[in-house]
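# Observations on chain architecture
Here is what each chain is made of, one letter per residue.
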Amino acid sequence: MSDLIFLSNVRLSFPNLVEPQRQINSLTGKERVSYSADFIMPPDHPGFKQFMARVNEMALAKWKEHTHQVMNMINADRKLRCFGDGNQKVGAKTLQIWDGYAGQVFITAGRDQPPQIFQADGSPIDPNNTMAYQQLTRKMYGGCRVNAAVKPWLQENTHGRGIRCDLVALQFAADDAPLGGGAVDASGMFGAVAAAPAPAPAFFGGAAPAGMPLPPFMQQ
């Protein structure tokens, strides 16, 4: 089974694509840069099933007889995995499930370099063409539908064990309702700007009209 998983027609959420997300490690002081996004889909989405099958396959190969114990630990802590039940995405202040996540599952993917971007005709843009990259990624708002290629990998280092996911490639697929209510339209509050009044005459460096009082420092 290929490590690369194709997610077809999924909803994009929390995209950090035009500009990466930047975080400072409080211990090391180093900056971490991440081009990232969430991908929301139904639990029976073929891409999600393939993703989980590949994760389980990789875990069994790496952790062998300890797989069950390690996976239980990872599944119990959302910080240790890049996937989950959308119903667990609850706002700390509102205590409401985040817009678009209810009844769905999600995969969070990211990388320290911009992902490959494909145009509508399936052709990739030149990674060195910054203008074309930004033009296409600006179309990818939270709530739109995209096709994505992601690559799961297993973490095992000084920071512990976990399941992570690289964001490899993206393609805009279709518009959909923006998540989070979308942009607020304030156009009804604004009209044409009235012509600005002519500026008051200034007399510094020139003669003031007859009878016009002068500031003290200009009086003889």
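Please read these numbers as outputs of a predicted model, since none were measured by experiment. (Residues numbered from 1 in each chain as written. Predicted model: local features only at pLDDT ≥ 70, side-chain atom pairs only at ≥ 80, totals over all residues. Heavy atoms only, no water.)

This part takes up helix α3 (residues 130-137). Buried within α3 are the following residues: A132, Y133, L136 and T137. Summarising the axial view, the buried residues of α3 lie within an arc of 125°, below the 170-degree limit, and thus occupy one face. Set apart from the buried face of α3 by more than 90 degrees, the exposed residues are M131 and Q135. (Buried < 20%, exposed > 50% of the residue type's maximum accessible area, 1.4 Å probe, protein only. Helix = DSSP H or I, 4+ residues; strand = E, 2+ residues; numbered from the N terminus. Arc of directions from axis to C-beta.)

Moving on to the packing of aromatic side chains. Under the defined criterion, the tally for this structure stands at four aromatic pairs. Plain terms: the ring middles of F14 and W98 are 5.2 Å apart, the flat faces sit at 65° to each other, and that makes the pair edge-to-face. Taken as a pair, F14 in strand β1 (residues 5-24) and W98 in the loop between β3 (83-85) and β4 (105-111) lie far apart in primary sequence, 84 residues in all. Under the relative-accessibility criterion, W98 is labelled partly exposed at 31%. Plain terms: the ring middles of W98 and Y101 are 5.9 Å apart, the flat faces sit at 75° to each other, and that makes the pair edge-to-face. Exposure remark for Y101: the relative accessible area of 1% places this residue in the buried category. Linked through ring pairs, F14, W98, Y101 and F106 together constitute an aromatic cluster. (Phe/Tyr/Trp six-rings, centres within 6.5 Å; stacked < 30°, edge-to-face > 60°.)

What follows covers the side chain of S36. By secondary structure assignment, the location of S36 is in strand β2 (residues 31-41). Apart from the residues lying within four places of it in its own chain, the contact partners of S36 are F14, P15, N16, L17, Q21, A109, G110 and L167. (Contact = heavy atoms within 4.5 Å.)

This part is about the sheet that holds β4. Across the sheet, seven strands lie side by side as β3-β4-β2-β1-β6-β7-β5; this open sheet has mixed pairing. The outermost strands of the open sheet, each flanked by one partner alone, are β3 and β5 (116-118). For this sheet, the mean inter-axis angle between neighbouring strands, taken without regard to orientation, is 30°. Both β1 and strand β6 (residues 145-157) contribute to a ladder of five bridges, which runs antiparallel. Residue pairing across strands places L7 opposite A148, the latter belonging to β6. The strands that helix α1 (residues 46-63) touches are β1, β2, β3, β4, β6 and β7 (160-174); relative to β6, the one it contacts most, it runs at about 15°. Across the sheet, α3 touches β1, β2 and β5, and the angle it forms with β1 is around 115°. (Pairing = 2+ DSSP bridges. Axes fitted to C-alpha atoms, helices over the stretch in contact; angles between N-to-C directions.)

Right, let's talk about the pattern of salt bridges for a bit. By the definition in use, this model includes eight salt bridges. Note that D176 and R11 form a salt bridge whose closest N and O atoms lie 3.8 Å from each other. With D176 in the segment after β7 and R11 in strand β1, this pair connects stretches of sequence that are 165 residues apart. Since its relative accessible area comes to 28%, D176 is described here as partly exposed. Relative accessible area serves as the criterion here: at 15%, R11 is assigned to the buried category. Here D176 ties to R145 by a salt bridge, and the two come within 2.9 Å at their closest N and O atoms. In this pair, D176 sits in the segment after β7 while R145 sits in strand β6, placing the two residues 31 residues apart along the sequence. Three or more residues joined by partner-sharing salt bridges are found here, namely D3, R54 and E57. (Salt bridge = Lys/Arg side-chain N within 4 Å of Asp/Glu carboxyl O.)

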